[in-house]
Structures are given as C-alpha cells and as structure tokens.
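Working through the structure, step by step
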Amino acid sequence: MNLPVYVINLDRSRERWTTIKETADRLGWDCHRVSAIDGRQVDRNDWVDVNLREFEKKCGRRMLSGEYGCYRSHLLALNTFLDEGASHGLILEDDVLPDDSTASRIEAIMETAPDFDVIRLVNHRSRLFVCLEETEYGDKIGRTIIGPQGSAAAYIVSRRGAERLLAALAFMELPWDVALERFWQTETSIYSVSPNVFSFSGHCHTSCITETSYDEEKFHPFRRIRTALFRIGQHCVRGHHVMLSRAGAAVPVSPLAATASGSDEPLRRFPSVFDVLWTLVTLLFVSAVWFESDVYRFVGLAMFTIGLVSYFRNDFLTYARPMVGPPGILCLLWPVYLLARFAVTHTQHPEYGTESSEGIYLLTALYSTVGYFFFRIVRNPFATASAFILISLAFSVAAMDFHAIAAGVRAVTHYHNNTIHAAIGNGFILLLSLAFLSYLSERQGLARGYRRLLSLLALVTVVVSAVNILVLESKGVWMAVAVALPLLALFMAGGISRGLNRLIVVAAPLAVVAIATLWHGEIARHADEIHGVWTLLKAHMDQGQSFVGAMREVGMHGGLSINFSARLILWSEALKLWAESPIFGNGVSWFHLWQSASDPEMPYKLIHNGFLEIGVRYGALGLVFYAYLCGWSCRIVWRTANEGLIARSAAHAFIVTMVFFLVTNLSNSNVSLALGESYMWFAASFAFYCYFRLQDVGMPKSRTYI
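Described below are features of the structure shown in this document.

1. With respect to a nonpolar patch on the surface
A surface patch of nonpolar side chains, about 450 Å² in accessible area, is lined by F222, I225, L229 and I232. Here I232 lies in helix α9 (residues 225-244).

2. Topic: the packing of helix α2 (residues 52-59) against α9
For the pair α2 and α9, the least separation of the axes is 6 Å and the interaxial angle reads 80°. Comparing the axis directions of α2 and α9 gives the class roughly perpendicular. In contact with E56, K57, K58 and C59 of α2, α9 contributes R226, T227, F230 and R231. Within the contact of α2 with α9, the residues separate by chemical class into two nonpolar, one polar and five charged.

3. Concerning the packing of aromatic side chains
Tallied over the entire structure, the rule returns 42 aromatic pairs. Ring geometry for F285 versus F682: centroids 6.3 Å apart, planes at 55°, classification tilted. Taken together, the residues F285 in helix α10 (residues 273-285) and F682 in helix α26 (residues 674-696) connect sequence positions 397 residues apart. With a relative accessible area of 0%, F285 lands in the buried category. Ring centres of F382 and Y439 lie 5.9 Å apart, and the angle between their planes is 45°; on these two criteria the pair is classed as tilted. Here Y439 lies in helix α16 (residues 419-442) and F382 lies in helix α14 (residues 381-399), a separation of 57 residues in the sequence. The class for Y439 is buried, based on a relative accessible area of 7%.

4. Observations regarding the sheet that holds strand β7 (residues 140-144)
What links the strands of a sheet is backbone hydrogen bonding, and the strands pair in either a parallel or an antiparallel sense. One open sheet accounts for eight strands, arranged β2-β1-β3-β8-β5-β9-β7-β6; its pairing is mixed. If you trace the sheet from one side to the other, it starts and ends with β2 (31-35) and β6 (129-134), each paired once. Neighbouring strand axes in the sheet, compared pairwise and without regard to direction, differ in orientation by 30° on average. Alignment of strand β1 (residues 5-9) against β2, held across five bridges, turns out to be parallel.

5. Let's talk about the side chain of S433
Position of S433 relative to the elements: it lies in helix α16. Once you skip the residues sitting within four places of it in the chain, S433 turns out to touch I389, A458, T461 and V462.

6. Description of the pattern of salt bridges
Within this structure, the stated rule accounts for 20 salt bridges. Residue R26 is joined to D100 by a salt bridge in which the shortest nitrogen-to-oxygen separation is 3.0 Å. Remark: D100 occurs in the loop between β4 (96-97) and α4 (102-112) and R26 occurs in helix α1 (residues 14-27); sequence separation between them is 74 residues. For R26, a relative accessible area of 54% puts it in the exposed group. Taking the relative accessible area as the measure of exposure, D100 reaches 59% and is therefore exposed. In this structure, E677 and R297 form a salt bridge, with 2.8 Å as the shortest nitrogen-oxygen distance. Taken as a pair, E677 in helix α26 and R297 in helix α11 (residues 295-315) lie far apart in primary sequence, 380 residues in all. E677 gets classed as buried once you look at its relative accessible area, which sits at 5%. Using a relative accessible area of 32% as the deciding quantity, one classes R297 as partly exposed.

7. Description of the environment of K57
Locating K57 in the fold gives a position in helix α2. The class of K57 is partly exposed, set by a relative accessible area of 31%. In this structure, the C-alpha to C-alpha distance between K57 and I225, residues 168 residues apart in sequence, is 9.2 Å. The contact partners of K57, leaving out residues within four places of it in the chain, are R226 and T227.

8. Considerations on the pairing of strand β9 (residues 190-194)
With four of five residues buried, β9 is to be regarded as a mostly interior element. In this structure, strand β5 (residues 118-120) lies alongside β9, joined through three bridges in parallel fashion. Its bridge partner lying in β9, R120 is registered against S192. Looking at chain direction, β7 and β9 are connected through three bridges and run antiparallel. Its bridge partner lying in β9, G142 is registered against S192.

The rules we used
Residues numbered from 1 in each chain as written. Predicted model: local features only at pLDDT ≥ 70, side-chain atom pairs only at ≥ 80, totals over all residues. Heavy atoms only, no water. Patch = residues over 30% accessible without salt bridge, like charges linked within 9 Å, V, L, I, M, F, W, Y side chains within 5 Å. Areas by Shrake-Rupley, 256 points an atom, 1.4 Å probe, with all protein chains shown as cover. Salt bridge = Lys/Arg side-chain N within 4 Å of Asp/Glu carboxyl O. Helix = DSSP H or I, 4+ residues; strand = E, 2+ residues; numbered from the N terminus. Axes fitted to C-alpha atoms, helices over the stretch in contact; angles between N-to-C directions. Parallel < 35°, antiparallel > 145°, perpendicular 65-115°, else oblique. Contact = heavy atoms within 4.5 Å. Nonpolar A, V, L, I, M, F, W, Y, C, P; charged D, E, K, R; others polar. Phe/Tyr/Trp six-rings, centres within 6.5 Å; stacked < 30°, edge-to-face > 60°. Buried < 20%, exposed > 50% of the residue type's maximum accessible area, 1.4 Å probe, protein only. Pairing = 2+ DSSP bridges.

What follows is the structure, encoded as structure tokens:
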C-alpha cells in the first residue's frame, strides 16, 4: 500500500507501538510514529487553544486531560503529514490492528471516492447510514443521520482535508472524534465507512484518555439542560445536512439509463414477465380513456404502494435517491392543508356532511411516488405506447354508433357515463395517436415493416376517434380539439425531415377545416348562439346589471338551448358563491352551500366548469396551486425532451393533451370526473418521472430531504 501511515502513540505506551509496528512491518506498510501529547503531564493552566466554557456547555461535563492530549496529538499528526509532502495519509491511534485485507480495502475506498477530504475507517455506531458509494469489497462509504458515531482511531486524510481541519479545528471546543465528523461546520468532505476497516487490539480496553470516569465529571442535571438543547439542535443540523448533501455523489443509474432517447430500445431483447406486468399495470392506470370505472384508482394505489416500498428499501438511505424537490413538497403539503380545513369545518359544522368529493383533490400526495414507480420499475415505454394505440383502436371501433353515423344523429355511448365523457376520451386518443405517428417517423432502428404496421394502425385510430368525436356532438370537445390540433401541428413543424411528419403537419389543420366544413351548420348555429349571448349580456350590463346578474338573467330568459342556459345559470351561481370567499374558497362547505343556492329544478347539479369548481372549493389559492403544477409539469417535460432523455414527440403529446384537457374544463367539470382525475394523476406522475430522469444526469439540483 503506497500510503504513509502515522501512528499516534504515547511515550509511555511502548507495548502498543510494538504491537502495531510488528503488524505494519509484516504487511509492508510505511509506518511513522507520532509522539503523542500526554495530557496528564500538562498542567491545566498551560493548556493552549482551548475554549473550556464552550466545551462544558456543549458536553455537560469538565474536559479530561486525556481528551486535551488526544486533540492536540491529532493536530500534531496532521501537521506531520503535511510537512512530509504526501498527497494522502493514514492516521491511526495505537489501539487498532490491520489485517491482510485492510490495504486492499483502503485502496478500493480511495478509488471509489477519489474526491474526499477525510474518510473515517473506524466507528462505534453507524445508525441510519446513508450510502454514497460501495466498493468492490462491500465497504459502504457515506454518512449517518444519527451521530456522533464515536472514535477517530483510523482515518484517511488528503492534504486539502488536513489544511481545512487545522484551520477549522484549531481551537478545541469538543472531543476530537466528535469535532472530526462535523463536516457541516468544518466545510470538509468527510465520510465514514461501514463496516469498520480496522479491528481493535486488546489494548483498547485500557484507555489512555480517562483517568476518571465520564460520569464523575458530569455536571448537575440542571446545568446539563443547555447541553441537551445543543445536542438536539446538532441532531437536527446533522440530519439536515446528511439528507441534503449530495456533493461528490455519483450519478445514479436508473433502469432506463441504458435506453437511448431517440430509439427507446428495451433493455432486453425479450421482455420479462415483470416487464409485461408493469406494462399492463400502466395501461390499466390510464383505462378511464376507454371506459369509466374506478380501476385506475386501485391500480394507482398499488403503484404508489410498490413505489413507496421500493424507495425506502432501495434508495432512501443512499445519495443516489431521486428527490421530489419543491414541487413534490407542495404536492404533499396540499392534501395536508385540505385535510386540516376539512377537519375544522366538519367539527364546527357536521351538518355539511362528507359528500363534497374532497378525496379527488388529495391525490396530489401520490403523484411523486407514482412518478418514482415509473422511474425505477417501468422499463419499456415504447411497448406501453404501442399497446395503448392498439387498445384504443379496439375500444374506439367497439364504441362506434354506426346507426347514428348513418342517420346523422347524435351517437350514444356504451363505455362512458355520457357522450361528453366519451368525446373527451376520444379526444385524448386522437391527439396521442397523432403524436405516436410523429414518433414513429422519428424513431431510429425500427424495422420498416413494423413501422408501417404501427403507422397504419395509428392512422386508423386517428380516423375512428375523429369520427366518434364528430358524432358525439360535444361542442366543448370540438373547441378543445380545434385549439389542440394546430398546436400539435406547430410542434411537429420543427421536425419534418420525414415524409410522415410532413403529412401530419399538413393534415392537422386540414382536419380542423374538414370538421368545420362537414358540420358547418351545427357550428354556425353554435357560433350564432354565442354571439347572441354576448349581445344580451352586454345589453343587460348597459342597463346597470352586474356581469353575474346579467349572466343569470340571460340564462333564465334568453331563449337559449337548455345546455347553454343551464350553464349560464350554474356559472352565475358559482361566481356568487366564489365571491363569498375569493382567496381560500368555501372548502368542504361548498357542496352544502351549492345545494342551497342552486335551482332544485335545474337538470345539472355540477358546476360544469372545472376552473370555477376549483375556485368555489379552494379559491384563488387553489387555482394558483394547480396552475403552478400544470406549468411546472409542462416545463419539466419539455426540458427533459431538450436534454434528449425522452422523445420530443412525447413532450409534444404531453403539452397538447394538457391544453386539450384545460380547454374542455371551460364547459365541463372534468377535474372531478374519472377521466380528469386519472389524467391529472398520470400527467403529474409523468412529470415527476421526467424530473427524476433529469436528476439521473445531475440536474436539477434539488434541495429536499426526500
């Protein structure tokens, strides 16, 4: 081992020196004796660079003379090491013993963690050890959340580390072993190793530090109160820095690290049983697009549970763990806030009941963990996307109302609760199929026949879903598709190197024109009705009515269709209810107040506007929270695509479907439907998946504990 060894040894402990020197000579180590300072031989009045007052406050007892000598001896050893000019040194106390494997283990530790100041090789305690690296011999390098660990009997130090320690620890305020591991104070890269690299010799049972017991030197319990407060504070500070500090941590390798963004090739040629299982689980998670049920909730909870167990078993006590960052903390705090409001309101007003469906807004607590599930466990996104298109085609064909298409009347739906929900599901399928076509045109290394087959199936899915949207006659979905399709075409215009992308870029706006042409009469009637509503609203407002009052008056007596008039009345009532608590909303009491305020003869009971529903429930605060979550999600997915970690078409699909979903909420309370709930759950989880992918390559620098 090409590493100078400095053994701290008292002149009166020759037997200890003989024991360790013989072992070192047998192993071929370059061993130097550092004559230790015997604290028992130094009068207390002659102690130098000691802050006794701080020591007694922090330790709750008097300083032992042996502790003083030990501290000064380690400083002497560091200076000796610096004087001899080596790049690294091994400092030992004389009661440890190496064995035949020690040198190899030390060399492996230095190779595994090359950028360090100090690595402590012996510890008495290693509770809640957070691993940074692991050597080929199984030695884990890291830090403990709970400390101090005790013992400074063996440690490797670099020249930079020795200089920093001498500068930071020149004045003694704590025992050396305690002061050494306080990396947050000394601003040094100090780590520990588990298990111990050295064993203790028989001499360790005879202490050269304590001439009396520690208990004899302790102060009265009342005087140790400030010591207890200091230690509590130091536990918190230590935990804070250990959990946050990732300096020098290696970039973690996720299961997707070997997957190229441009091709998304699976890690194995043939998928394993688990790959197939996780693909099926993901598809069930988004199944509300095809049929309305609670399946996605049970599947999502299972994914959350698996992700949580995996995180705490594999990543929590490592520096390779992905962190949720400020967005994840907000998503965890939001349901805490909602539950606290619910508890207070329900305690004061039990008559409000529990029928306000608050549960759907508590799911933000699960978003980051399901994203972690995708990050660590789901390994073949291309297979999942392909299966989604195939299943979407099957359900779209099965849901087609051929009689309605032939008769030119509004279709009925078999798999959703009503035609609006079915139209929204087909809207998602339409946009995702177009994005999948774009992806196929960009993907490298895909067999030509396979590409053509998937492209044909995706194209048929586009046509079938577009027909379904037309015959389901949801005006809000028509409007959302009319906004989303040109946006998708704009995104794809930047990557038109392949013919298929050129076709899609041209076909998307033409599809909007085709819809407007085929359904010109219906669209014109709808446009005339909107224009008439605005004219009537303006007339009532010119007469001195408020906007809300005018909206209700037009809804009641404007001669509009039932769908339009009912929505105007509902929106006017919602705005009045929101105005009662514009910042924080009405919380759980909103449903009771809504039932009291709304017309009992109204055919619709929901507010039929997702933004107003959030405003009534949670006020401007709720709208700001969800606006931040949607904006952050789009930004992080876009950034992940720019870094080449996911396909650009995936980012395009994400943003376009987000816009589509938000526009549909203008005319329907989709946030509280199975489609909206599952979409937000999946979209936010995918954003956290992207966030973790970015951390996989060293960005962004998250500063949270989890």
